[in-house]
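# Report on the structure
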Amino acid sequence: MASPFGVLVCLLIVLPQILAISSPIDEIAPLKTCQFPCMTEVNLHLFLHQFVDGPNNPNRNEETLLQASFPFGFGTTIVHDWTLTETTNSRDTVVARVQGVHVQAGLTKPNRWYTTHNIEFQQGR
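For the structure given in this document, a descriptive report is provided here. (Residues numbered from 1 in each chain as written. Predicted model: local features only at pLDDT ≥ 70, side-chain atom pairs only at ≥ 80, totals over all residues. Heavy atoms only, no water.)

### Observations regarding the pattern of salt bridges
We count it as follows: The rule for a salt bridge is simple: a side-chain nitrogen of Lys or Arg has to be within 4 Å of a carboxyl oxygen of Asp or Glu. Note on classification: 1.4 Å probe, protein chains only; a residue is buried when its accessible area is under 20% of the maximum for its type, exposed when over 50%, partly exposed between these limits. Numbering of helices and strands runs from the N terminus; a helix is a DSSP stretch of H or I covering at least four residues, while a strand is a stretch of E covering at least two.
What the rule picks out here adds up to 3 salt bridges. In this structure, aspartate 53 and arginine 60 form a salt bridge, with 3.3 Å as the shortest nitrogen-oxygen distance. For aspartate 53, a relative accessible area of 25% corresponds to the partly exposed category. The class for arginine 60 is partly exposed, based on a relative accessible area of 34%. Its salt-bridge partner being aspartate 81, residue arginine 97 comes within 3.1 Å of it at the nearest N-O pair. In this pair, arginine 97 sits in strand β4 (residues 94-104) while aspartate 81 sits in strand β3 (residues 77-85), placing the two residues 16 residues apart along the sequence. Under the relative-accessibility criterion, arginine 97 is labelled partly exposed at 25%. For aspartate 81, a relative accessible area of 27% translates into the label partly exposed. Within this structure, Asp53, Arg60 and Glu63 form a network of salt bridges that share partners.

Quick look at the structure:
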């Protein structure tokens, strides 16, 4: 059984810790004002236009660099320069270009593409 002195010491040491954890952060230390302009959220609704590599597609915007012979095309590497527009019409004004590479990364299942790219917005947009 704890002595009254032990309980008092425990309350003096532990209670401030519990109160500090349970108090909102702004009560402990007031927030400083932001020195930089506050960030805002930007929501874009854009459409990506991909025209696959192939002999019957003269307007393609990707090219196969490596056609692998593994099952499911594992290792096939394609470089792309896709376009982004504000509408579903691929002939609309290009807002940005999506430039990068995609690699077939699925050895046991088809269509498991690893994609990496940069989005480059066009001048004035």
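### Some thoughts on the environment of glutamine 104
Selection criterion: Note on contacts: a residue pair is in contact if any heavy atoms of the two residues lie within 4.5 Å. We define a polar contact as two N or O atoms separated by no more than 3.5 Å, with the added condition that, inside protein, one atom must be a possible hydrogen donor and the other a possible acceptor, whereas residues neighbouring each other in sequence contribute only through side-chain atom pairs.
Structurally, the position occupied by glutamine 104 is in strand β4. Given the relative accessible area of 3%, glutamine 104 is considered buried. Along the backbone, glutamine 104 and isoleucine 78 are 26 residues apart, and their C-alpha atoms lie at a distance of 8.7 Å. Once residues lying within four places of it in the same chain are set aside, the contact partners of glutamine 104 are Phe72, Gly73, Phe74, Gly75, Thr76, Lys109, Pro110, Asn111, Arg112 and Trp113. Within polar-contact distance, the side chain of glutamine 104 engages the backbone nitrogen of glycine 106 at 3.4 Å.

Spatial relationships are all this shows, so hold off on functional conclusions.
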